[in-house]
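Coordinate analysis (summary)
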Amino acid sequence: MLTNPNYSLSDYATKNVKCPSCGMFNPPALEKCRRCGADVPKKEQ
């Protein structure tokens, strides 16, 4: 899944926003989930 050994899943989870509908992690810049299209909450900076 992750090809960079220096980049852990916890790093991925903290840098991205989890969709409340399907649970997929999305980049914080997106407003809609890539998988289900639901609104994704804005990540607090």
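For the structure, check the block above.
Figured I'd write up the structure that's included with this text.

Conventions adopted
Residues numbered from 1 in each chain as written. Predicted model: local features only at pLDDT ≥ 70, side-chain atom pairs only at ≥ 80, totals over all residues. Heavy atoms only, no water. Helix = DSSP H or I, 4+ residues; strand = E, 2+ residues; numbered from the N terminus. Buried < 20%, exposed > 50% of the residue type's maximum accessible area, 1.4 Å probe, protein only. Contact = heavy atoms within 4.5 Å. Areas by Shrake-Rupley, 256 points an atom, 1.4 Å probe, with all protein chains shown as cover. Polar contact = N/O pair within 3.5 Å; in protein donor to acceptor, adjacent residues only side chain to side chain. Disulfide = S-S within 2.5 Å.

Another point: the overall build of the protein. For the protein, the helix and strand inventory stands at one helix and two strands. Each helix (α) and strand (β) of the protein, taken in turn from the N terminus, gives the series α-β-β. Relative to its 45 residues, the protein shows a buried fraction of 13%. In the protein, of all internal contacts separated by at least 6 residues, the share reaching a separation of at least 24 is 10%. When the accessible surface of the protein is summed, it comes to about 3,500 Å², and 53% of that surface belongs to carbon and sulfur atoms.

This part covers the side chain of Asn 26. Assignment of secondary structure puts Asn 26 in strand S2 (residues 25–26). Among the polar contacts listed, one links the side chain of Asn 26 to the backbone nitrogen of Arg 34, at a separation of 2.9 Å. Once residues lying within four places of it in the same chain are set aside, the contact partners of Asn 26 are Asn 16, Val 17, Cys 19, Lys 32, Cys 33, Arg 34 and Val 40.

Turning our eyes to something else, we now look at the state of the cysteines. According to the stated counting rule, one finds zero disulfides in the structure shown. Among the cysteines around Cys 22, which has no disulfide bond, Cys 33 carries the closest sulfur, lying 3.6 Å off. Classification of Cys 22 as partly exposed rests on a relative accessible area of 28%.

What follows concerns the environment of Pro 27. Here Pro 27 is to be found in the segment after S2. A relative accessible area of 28% means that Pro 27 is categorised as partly exposed. Residues Pro 27 and Lys 15 lie 12 residues apart in sequence; the distance between their C-alpha atoms is 7.4 Å. Not counting residues within four places of it along the chain, the set of residues in contact with Pro 27 comprises Asn 16 and Arg 34.

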